[in-house]
Amino acid sequence: MPGLLLNTLRGENANQRPIWLMRQAGRYLPEYRELRAHKGGFLALVYDTDAAAEITLQPIRRFGFDGAILFSDILIVPYAMGQSLEFLVSEGPKLSPKLVDHALSALVAVPERLAPIYETVRKVRAALPVDKTMLGFAGSPWTVATYMVAGEGSRDQHETRAMAYRDVAAFQAIIDAVVEVTVEYLAGQIEAGAEAVQLFDSWAGSLAPAQFEKWVIAPNAAIVSAVKARYPQVPIIGFPKGSGEKLAAYARETGVDAVGVDETVDPFWAARALPAGLPVQGNLDPLLLLSGGKELDEEARRVLDAFADRPHVFNLGHGIGQHTPVAHVEQLLATVRSWRRA
């Protein structure tokens, strides 16, 4: 039987709210740190399917979250498209060659780099309790393209935004290529056992409105349409972080089944502005979870109350911070689990 999370993503407005946290499988957990100390770097963990499955399951065992989010990274897609990928300590991910200097056609695809991710999904799904939802994911084309063009993350995505203005055709080719690979990547995860998937557009907030329509809404709509044509029963969550007032247009025009709301958005505004009945996900500030205290309980209840009249998946407005105390996660879970829709 589908669990609370899957039913909520399919439009059920239950009295209790499901909860999972972005980046819940990761560095704030002592069991993760212990495993990583034995196994090595981040990319090695992703490609060790036993380790990646174990990491995905760790927060389910400890906290009983309603969903298990695949332990992987959005940059697996450009890695499969032929860029080299490494994660450097204190520097973050590095991709090469940078597409600001090289043509997309110079890349030689390595699609077999996706296969271990599917194997991780299969292993997690086999071990996951039936009432817990297996969540797959991919990066949205705009966000993935920012790394492909610049070769690394940046504060304002300057190089990619400039390229999108300067050479529209070349940048459109990059976006189209990412869309194509992402559709197949999500399909592979679904075939392996993912019951819902999320599209992360972490840098959507850096774009002007017209560019947001072109590089966020349009490619996400293309992915949703293609995936839904194959798997109409699989919910797709769209998370365009930093989109602000553009969130409503994203929700209407992409066709996503649920929309993630980041911590900068007033949840009461979102409840009014988003399409009626559309499931929402979010949107507690991760820094509140780090800080704890009565303010954590108060804001969690405020978020819950704001979305009381529509299907709601409780989550953070972005990923959980690595220094977040486990006790604060337990505190949040108690608050969310005890809340009931009036």
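Residues numbered from 1 in each chain as written. Predicted model: local features only at pLDDT ≥ 70, side-chain atom pairs only at ≥ 80, totals over all residues. Heavy atoms only, no water.

Draft legend 1. The arrangement of the overall build of the chain in detail. Across its full length, the chain carries 15 helices and 9 strands. In terms of overall dimensions, the chain is globule-like: its C-alpha atoms have a radius of gyration of 19 Å, near the 20 Å expected for 342 residues. Once the C-alpha set of the chain is aligned to its principal axes, its extents read approximately 55 × 45 × 40 Å. Sorting the 342 residues of the chain into buried and exposed places 57% on the buried side. Relative to all contacts within the chain whose residues are 6 or more apart in sequence, the contacts with residues 24 or more apart total 74%. Within the chain, the 39 negative side-chain charges are centred at a point lying 2 Å from the centre of the 33 positive side-chain charges. (Helix = DSSP H or I, 4+ residues; strand = E, 2+ residues; numbered from the N terminus. Rg over C-alpha atoms; globule rule 2.2 N^0.38 Å. Buried < 20%, exposed > 50% of the residue type's maximum accessible area, 1.4 Å probe, protein only. Contact = heavy atoms within 4.5 Å. Lys, Arg positive; Asp, Glu negative; His and termini not counted. Charge placed at Lys NZ, Arg CZ, Asp CG, Glu CD.)

Draft legend 2. Highlighting the environment of Arg-341. Mapped onto the secondary structure, Arg-341 falls in the segment after helix 15 (326-338). What makes Arg-341 partly exposed here is its relative accessible area of 26%. Spatially, the C-alpha atoms of Arg-341 and Ala-173 are 47 Å apart, while their sequence positions differ by 168 residues. For Arg-341, the residues in contact, after removing those within four places along its chain, are Asn-13, Ala-14, Asn-15, Arg-17 and Ala-308.

Draft legend 3. The pairing of strand 5 (residues 196-201), seen in detail. By the criterion of burial, strand 5 is predominantly enclosed, with 6 of the 6 residues buried. Residues Ala-196, Gln-198 and Phe-200 point to one face of strand 5 and Val-197, Leu-199 and Asp-201 to the other, with burial holding for every one of them. Bridge count between strand 4 (residues 133-139) and strand 5: 5 bridges; the pairing is parallel. In the sheet register, Phe-137 faces strand 5, and the bridge partner there is Gln-198. (Pairing = 2+ DSSP bridges.)

Draft legend 4. Fine view of helix 10 (residues 209-230). With 22 residues, helix 10 should cover 32 Å at 1.5 Å per step; its first-to-last C-alpha distance of 31 Å lies within 8% of that length. The largest bend along helix 10 measures about 25 degrees and falls at Ile-217, with the proline Pro-219 one to four residues further on. Of all the positions in helix 10, only Gln-211, Phe-212, Trp-215, Val-216, Ile-217, Pro-219, Asn-220, Ile-223, Val-224, Val-227 and Lys-228 are classed as buried. (Expected span 1.5 Å × (residues − 1). Bend = angle between axes of the 7 residues up to and from the residue.)

Draft legend 5. Quick peek at the sheet that holds strand 4. Here we have 7 strands laid out as an open sheet, ordered 1-4-5-6-7-8-9, and parallel in their pairing. Of all strands in the sheet, those with a lone pairing partner are strand 1 (67-69) and strand 9 (312-316), marking the two edges. Each strand of the sheet is rotated relative to its neighbour by a mean of 25 degrees, with strand direction disregarded. Pairing geometry for strand 7 (residues 258-261) and strand 8 (residues 280-284), over 3 bridges, is parallel. Within strand 8, the position partnered with Val-261 by the bridge is Gly-282. (Axes fitted to C-alpha atoms, helices over the stretch in contact; angles between N-to-C directions.)

Draft legend 6. Highlighting the pattern of salt bridges. Tallied over the full model, the rule gives 13 salt bridges. The salt bridge partner of Asp-66 is Arg-337, with a shortest N-O separation of 2.8 Å. With Asp-66 in the loop between helix 4 (49-63) and strand 1 and Arg-337 in helix 15, this pair connects stretches of sequence that are 271 residues apart. For Asp-66, a relative accessible area of 6% puts it in the buried group. Here Asp-257 ties to Lys-228 by a salt bridge, and the two come within 2.9 Å at their closest N and O atoms. Within this pair, whereas Asp-257 is found in the loop between helix 11 (247-254) and strand 7, its partner Lys-228 is found in helix 10, the two being separated by 29 residues in sequence. (Salt bridge = Lys/Arg side-chain N within 4 Å of Asp/Glu carboxyl O.)

Draft legend 7. Broad picture of the pairing of strand 6 (residues 236-240). With respect to burial, strand 6 is a largely interior element, 5 of its 5 residues being buried. Burial of strand 6 is two-sided: the residues Ile-236, Gly-238 and Pro-240 facing one way and the residues Ile-237 and Phe-239 facing the other way are all buried. Note: strand 5 against strand 6, 5 bridges, orientation parallel. Within the sheet, the bridge partner assigned to Gln-198 lies in strand 6 and is Ile-237. With helix 10 bridging strand 5 and the parallel strand 6, this β-α-β connection has right-handed handedness. Chirality of the crossover, the property in question, places the unit of strand 6, helix 11 and strand 7 among those that are right-handed. (Right-handed = clockwise from strand over helix to strand, strands pointing away.)

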